[in-house]
Amino acid sequence: HGNDYRLTLAQAYSLALKNHEGITIAEKEVVKSKLLPRKANSIMMPRLNVYGEYSRYNDPIDFEVDLNGFLLPPITTRPEEQSGLNINLIQPIYDGTWMPRRKQAQQMIAKSEKDYGWNAQNILFQVATIYYEILKNKQYISITGQYLQRSQEENRIAKIKFMEGAVTEDAVLNTELKISSARTRLLAEKNAVRLAQKSLSLLVGDIPEEFDVEEPEELRLKNENFEELLGAARQDRMDYRSAQSSVEA
């Protein structure tokens, strides 16, 4: 597999939404929030209180009876076991917090759903950032590789001219410096690609650490004014809508 595996941006988005733990956690939070209406309704449900007790005395009780100076034989008694049970049923007629709690529960469900969208947006933005970072560095590698080839050719020509006495040794050293610089840059750019591939692999899952990415379609900018962009942001940004739900709750 390795570099034979080709990944598109759409596939990266799909894998991230499927595998990223942040998405899974947000899904669980939505499920948890849907239990809040039941919790709110519980304050109006009947409540049964049961209280019981049981007593048992192990040691006997000894006492003597004195009748005007005449002592009767000692008497030993053992208390009986005792038990008791108390049950009461409470049915609230109305609790003033019931309706506000129900409304707040619905708002928290809406908030958790928007938080899910917010997490998804953040994760997809991370995926796109790393994806385009790989594309950018692959272009850098190509450019630096061409620069290295030109520097090597310049070095070859400079050495010939130096042997003929047409240039000084400084001209040869200058081309060798270019070659060294290009090799260093090329190594750094290849490492940057490997690091970005590793990061994207961890982010989306189910792909090898080394792979190739395909050039996506060019993003088209919308010709909208500021107010239109602001309205779109208020409509589409899940963090803004989540904050609104928090204020309402």
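Below you will find a few notes about this structure. (Residues numbered from 1 in each chain as written. Predicted model: local features only at pLDDT ≥ 70, side-chain atom pairs only at ≥ 80, totals over all residues. Heavy atoms only, no water.)

On to the nonpolar core, then. Formed by 21 residues in total, the largest nonpolar core has its most connected members in Leu7, Val127, Tyr131, Ile134, Leu200, Val204 and Phe211. Secondary-structure elements contributing two or more residues to this core are helix H1 (9–19), helix H4 (98–164) and helix H5 (169–204). Broken down by element, the residue count for this core peaks at 7 residues, all from H4. Leaving out residues up to four positions away in the same chain, Val127 has contacts with Ala12, Tyr13, Ala16, Leu200, Leu203 and Val204. (Core = buried A, V, L, I, M, F, W, Y, C linked by side-chain atoms within 4.5 Å. Buried < 20%, exposed > 50% of the residue type's maximum accessible area, 1.4 Å probe, protein only. Helix = DSSP H or I, 4+ residues; strand = E, 2+ residues; numbered from the N terminus. Contact = heavy atoms within 4.5 Å.)

The terminal C-alpha atoms of H5, which comprises 36 residues, lie 53 Å apart, in line with the 52 Å expected from a rise of 1.5 Å per residue. In the stretch just after H5, Gly205 is the one whose phi turns positive, near 75 degrees. (Expected span 1.5 Å × (residues − 1).)

Pairs can form between side chains of opposite charge once their charged atoms are near each other. Considering all chains together, one arrives at 9 salt bridges under this definition. For the salt bridge of Glu214 with Arg6, the shortest nitrogen-to-oxygen distance reads 3.4 Å. Here Arg6 lies in strand S1 (residues 6–7) and Glu214 lies in the loop between strand S8 (212–213) and helix H6 (226–236), a separation of 208 residues in the sequence. The class of Glu214 is partly exposed, set by a relative accessible area of 32%. Residues Glu153 and Arg156 are paired through a salt bridge, measuring 2.5 Å at the closest nitrogen-oxygen approach. (Salt bridge = Lys/Arg side-chain N within 4 Å of Asp/Glu carboxyl O.)

Running from N to C, helix H2 (residues 21–33) and H4 point in directions that differ by 175 degrees, and their axes come no closer than 8 Å. Classified by the angle their axes make, H2 and H4 are roughly antiparallel. Together, Gly22, Ile23, Ala26, Glu27, Glu29, Val30 and Ser33 of H2 and Met108, Ile109, Ser112, Glu113, Tyr116, Asn119, Ala120 and Ile123 of H4 make up the contact between the two elements. Partitioned by chemical class, the residues of the contact of H2 with H4 number 8 nonpolar, 4 polar and 3 charged. (Axes fitted to C-alpha atoms, helices over the stretch in contact; angles between N-to-C directions. Parallel < 35°, antiparallel > 145°, perpendicular 65-115°, else oblique. Nonpolar A, V, L, I, M, F, W, Y, C, P; charged D, E, K, R; others polar.)

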